[in-house]
Amino acid sequence: MLKIKHFEVILKISERCNLNCTYCYIFNMGSELALNSAPVISNTTIVELKNFLERVADEVEHNVIQVDLHGGEPLMLKKKRFIYLCETLRSGDYKGAEFRIGLQTNATLIDDEWLEIFEKYNISVSISIDGPKHINDRYRLDHKGRSSYEATMNGYQALYSAAENRKIIPTPPILSVINPDASGKELFEYFYHDMKCRKFDFLLPDNNYVNTVDTEGIKRFLVDICDAWFAQNDPECDIRILSAYLRILTGAEDYIVLGVTPQNELHQTIAITVTSTGYIYVDDTLRSTLSDIFVPICHIRDASYQKIITSFPMRELSKIESFLPDDCHGCIWKAVCAGGRPINRYSQDNAFKNKTIYCDAMQSFLSRGAAYLINLGINSNEIAKNIGIDKNA
């Protein structure tokens, strides 16, 4: 039987959102898929998903099967149906695989009843916020142009209190989209000191050669984050974008971050997107490219693992992820960056065959991280070997 480490489903339980974030690839980058889908997932689709996951577990041996409840804003799903979803999925027979449920939310709708649901069904909740009010409200406003900051912070504080004081749920991590005009140092200090968060991540914006962004600002931000994290010197603080790449530099091969670091033979993972109506797609961020790759693979009621991985979109995505752009062949970081995320490589003329628009930013970021590791005593020859450079050649 085929074995993989991790099978992940990005499940769109709500295809609507109470916010109108400017950079949102779901609603504000040209795709109408969400608006043409059912507003929320149905009970029928929930059952079909459980049956699909059980079939996948029969086909392939997994260490982990994970369902990430996503949107839109997933908490716009009514609590009764949300509970039905959790009970149905947790009742599945996944042949010994560890089954996880995650949730990505803007936290504006969280109340005590939601906290009880998260605790009862062991849901790992992550919060989307971009920093203090003056940074968060640059892009994360509601449909009437009003601030989302206070409501998000209220939700975060409720989760944090439940985790730290009542010990009923894990402390919520934070997910933040990088603002090229913001200071990485300011963001680190705000999340670490003001919000008392010890696990957070910074996402590169889903821009590319079609819709550009200030890449110099992104470079400055990444270097600031690297400096701030090493200066803090707290082993309990995990910034995912840092830890993912630093582990590669230090030789770790059993840890990857889906959609960020390249896969390897020791950690095979598969991720799919499932809409509210049950249709399967590849990497969700690619919907904004309007590329042929982001078309339905099949419906979960008819799907099998083999059908998914042999489909045109999945085979094309595999080719894209394994293809090293021509401009990358002479780069010392090519084994670490692998050309960048597909969404950041896209252009209308050359599709995904370009290097990432964040090439300079990533080179500076990785060089800074390597310099800190060497300063901490890790041998430069060891780092060179880990990134595929033969210094004796």
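This text goes with the structure placed above it.
Bear in mind that the values here come from a model prediction, so they are computed numbers and not experimental data.

K.L.:
Would you mind showing me how to read the side chain of Thr356 here?
P.N.:
Among the secondary structure elements, Thr356 is positioned in the loop between α11 (334-337) and α12 (359-375). Only 3.0 Å separates the side chain of Thr356 from the backbone nitrogen of Tyr358, close enough to count as a polar contact. The residues contacting Thr356, other than those within four sequence positions of it, are Tyr209, Cys337, Gly339, Gly340, Asn344 and Arg345.

K.L.:
I would appreciate a short explanation of the packing of helix α8 (residues 240-249) against α12 in the present structure.
P.N.:
Their axes nearest at 10 Å, the elements α8 and α12 cross at an angle of 65°. The two elements α8 and α12 cross, and the hand of that crossing is right-handed. Here Ile241, Leu242, Tyr245, Leu246 and Leu249 of α8 lie close against α12, whose contacting residues are Met362, Phe365, Leu366, Gly369, Ala370 and Leu373.

K.L.:
What should I look at first to understand the packing of helix α7 (residues 215-232) against α8 in this one?
P.N.:
Viewed as axis vectors pointing N to C, α7 and α8 meet at an angle of 85°, and their least axial separation amounts to 11 Å. Put simply, α7 runs roughly perpendicular to α8. Here α7 contributes Leu222, Ile225, Cys226, Trp229 and Phe230 to the contact with α8, which in turn contributes Ile241, Leu242 and Leu246. Per-class residue counts for the contact of α7 with α8 are eight nonpolar, no polar and no charged.

K.L.:
What's the story with the environment of Asp130 in this structure? I'm lost.
P.N.:
Note that Asp130 resides in the loop between β4 (123-128) and α4 (133-139). C-alpha of Asp130 to C-alpha of Gln348: the two residues are 218 residues apart in sequence and 30 Å apart in space. Residues contacting Asp130, with those up to four places away along its chain left out, are Tyr23, Ile135, Asn136, Arg140, Ser176, Val177, Leu187 and Phe191. Of the polar contacts made by the side chain of Asp130, one reaches the backbone nitrogen of Val177; its length is 3.1 Å.

K.L.:
Quick question: what am I supposed to make of the pairing of strand β2 (residues 60-70) here?
P.N.:
Every regular strand shows the same layout, with side chains that alternate between the two sheet faces. Burial of β2 is extensive: nine of the eleven residues sit out of reach of the surface. The pairing of strand β1 (residues 2-12) with β2 spans ten bridges and is classified as parallel. Counterpart to Lys12 in the pairing with β2 is His70. As a crossover connection, the stretch from β1 through helix α1 (residues 43-59) into β2 is right-handed. Examined bridge by bridge, β2 and strand β3 (residues 98-105) share six bridges and lie parallel to one another. Looking at the pairing, Val64 lines up with Glu98 of β3. You can see the chain leave β2, run along helix α2 (residues 79-90) and come back into β3, and the turn it takes is right-handed.

K.L.:
What's the story with the sheet that holds strand β6 (residues 199-203) in this structure? I'm lost.
P.N.:
Sheets are built from strands paired through backbone hydrogen bonds, the pairs being either parallel or antiparallel. Across the sheet, ten strands lie side by side as β7-β6-β5-β4-β3-β2-β1-β8-β9-β10; this open sheet has mixed pairing. Each edge of the open sheet is held by one strand with a lone partner, namely β7 (238-239) and β10 (298-299).

Criteria and thresholds
- Residues numbered from 1 in each chain as written.
- Predicted model: local features only at pLDDT ≥ 70, side-chain atom pairs only at ≥ 80, totals over all residues.
- Heavy atoms only, no water.
- Helix = DSSP H or I, 4+ residues; strand = E, 2+ residues; numbered from the N terminus.
- Polar contact = N/O pair within 3.5 Å; in protein donor to acceptor, adjacent residues only side chain to side chain.
- Contact = heavy atoms within 4.5 Å.
- Axes fitted to C-alpha atoms, helices over the stretch in contact; angles between N-to-C directions.
- Left-handed = near helix turned anticlockwise from the far one by under 90°.
- Parallel < 35°, antiparallel > 145°, perpendicular 65-115°, else oblique.
- Nonpolar A, V, L, I, M, F, W, Y, C, P; charged D, E, K, R; others polar.
- Buried < 20%, exposed > 50% of the residue type's maximum accessible area, 1.4 Å probe, protein only.
- Pairing = 2+ DSSP bridges.
- Right-handed = clockwise from strand over helix to strand, strands pointing away.

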